[in-house]
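Chain by chain, the residues run as shown.
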Amino acid sequence: MLLVVAAPAFPAQPADGKPPLDSTKPGATIVDSDVRREEALSKTEAGKVITAIDRTRDNIGTVRKTTKLDTVDIVFLTDAARSEGGPPPAIENKVKQHQEDVAELRQEIEANALLFNAIDSRRVQAEDVLAVEFDNPGKVVIYAAAKPPK
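Everything quoted here is computed from the prediction, not taken from an experiment. Residue indices follow the written sequence of each chain, beginning from 1 at its first position. Since the coordinates come from a predicted model, pLDDT governs what is reported: local features require at least 70, and pairs of side-chain atoms require 80 or more to be given and counted, while whole-chain, interface and lining totals use all residues. The side-chain numbers reported here are obtained from all heavy atoms of the structure, hydrogens and water having been left aside.

With respect to the pattern of salt bridges
And step 1. Salt bridge, as used here: a side-chain nitrogen of Lys or Arg that lies within 4 Å of a carboxyl oxygen of Asp or Glu. Tallied over the entire structure, the rule returns 15 salt bridges.
And step 2. Where Arg57 meets Glu104, a salt bridge forms, and the shortest distance between an N and an O atom there is 2.7 Å. On the criterion of sequence distance, the pair formed by Arg57 in helix H2 (residues 56–65) and Glu104 in helix H4 (residues 99–111) is long-range, its members being 47 residues apart.
And step 3. With a relative accessible area of 41%, Arg57 lands in the partly exposed category.
And step 4. Among the ionic pairs, Glu84 bridges to Lys147, the shortest N-O distance being 2.7 Å. Secondary structure elements are taken from DSSP: a helix is a run of H or I of four residues or more, a strand is a run of E of two residues or more, and numbering for both begins at the N terminus. Type-normalised accessible area, obtained with a 1.4 Å probe on protein chains alone, sets the label of each residue: buried when under 20%, exposed when over 50%, and partly exposed for intermediate values.

Right, dumping it as structure tokens:
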């Protein structure tokens, strides 16, 4: 079965008559948030990732309520990507220990327009998110078992 979806080649005019969102802002900005990326090895970040996974239950509520952030840091744990065999045992075991919370966290990220657009802009799938950490008001770090896009 073949499904074809057609979309207009021009941007839609909002029904409220207001001009569309300013598209001249750099792609690194998602709803006034600076989205930055970093590459790291899971062995050097393991302590931070495990601590963040342990806090997943608390962070789910924060993700749910987040509507504005100054900075979104996405940390690509390149050696933990599926193509590399997945996270190391210490992180993988912690994810399994908090399996239901991690699954709920991923659902909340997908439901949060700001966070979903931030990870999507860096081609991170929600299923690759291991944990989030809210360092201070206005900043979140998202740990992803993924490699950044080329």
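Let's talk about the side chain of Thr71
And step 1. Secondary-structure assignment places Thr71 in strand E3 (residues 71–77).
And step 2. When its relative accessible area of 14% is taken as the criterion, Thr71 is described as buried.

Details of H4
Residues three or four positions apart in an α-helix share a direction because the helix packs 3.6 residues into each turn.
And step 1. Here H4 contains 13 residues, and its C-alpha end-to-end distance of 19 Å stays within 8% of the 18 Å for a straight helix at 1.5 Å per residue.
And step 2. Three or more residues of H4 are buried, namely Asp101, Val102, Leu105, Glu108 and Ile109. Relative to the axis of H4, the buried residues are bounded by an arc of 120° and lie together on one face. Those residues of H4 that are exposed and aimed more than 90 degrees away from the buried face are Gln99, Glu100, Gln107 and Ala111. Multiply 1.5 Å by the residue count of a helix minus one, and that product is the helix's expected span. Here the arc refers to the set of directions running from the helix axis out to each C-beta atom.

Some thoughts on the packing of helix H1 (residues 42–54) against helix H3 (residues 89–97)
Describing two packed helices takes the angle between their axes plus the distance from one axis to the other.
And step 1. In this analysis, axes come from line fits to C-alpha atoms, helices being fitted only over the stretch in contact, and the angle between any two N-to-C directions falls in the range 0 to 180 degrees. For the pair H1 and H3, the least separation of the axes is 9 Å and the interaxial angle reads 15°. Relative to H3, H1 is oriented roughly parallel. Of the two elements, H1 crosses H3, and the hand of that crossing is left-handed. Mapping the contact onto sequence places Ser42, Ala46, Val49, Ile50, Ile53 and Asp54 in H1 and Ala90, Ile91, Lys94 and Val95 in H3.
And step 2. Residue classes follow a fixed rule: Ala, Val, Leu, Ile, Met, Phe, Trp, Tyr, Cys and Pro count as nonpolar, while Asp, Glu, Lys and Arg count as charged, and any other residue, Gly among them, counts as polar. The residue makeup of the contact of H1 with H3, split by class, is 7 nonpolar, 1 polar and 2 charged. Every angle not falling under 35 degrees, over 145, or within 65 to 115 is termed oblique; those three ranges are roughly parallel, roughly antiparallel and roughly perpendicular. In this scheme, a crossing is called left-handed if the near helix is turned counterclockwise away from the far one by less than a right angle; it is called right-handed if the turn is clockwise. The criterion used for residue contact is that any of the two residues' heavy atoms lie within 4.5 Å.

Digging into the environment of Ile53
And step 1. In this fold, Ile53 is placed in helix H1.
And step 2. The spacing of Ile53 and Asp101 is 48 residues in sequence and 8.8 Å in space, taken between C-alpha atoms.
And step 3. Ignoring anything within four residues of it in the chain, the contact list for Ile53 reads Ile91, Lys94, Val95, His98, Val102, Leu130 and Ala131.

Considering the nonpolar core
And step 1. For our purposes a nonpolar core is just a set of buried Ala, Val, Leu, Ile, Met, Phe, Trp, Tyr and Cys residues, chained together by side-chain atoms within 4.5 Å. Formed by 22 residues in total, the largest nonpolar core has its most connected members in Val72, Val132 and Ile142.
And step 2. Elements supplying a minimum of two residues to this core: H2, E3, H4, helix H5 (113–121), strand E4 (129–136) and strand E5 (139–144).
And step 3. Per-element accounting of this core gives the leading share, 4 residues, to H5.
And step 4. Residues contacting Ile142, with those up to four places away along its chain left out, are Val72, Asp73, Ile74, Val75, Leu115, Ile119, Val129, Ala131 and Val132.
And step 5. Counting 16 residues, the second-largest nonpolar core is a separate cluster that includes Val49, Ala52, Leu77 and Val102.

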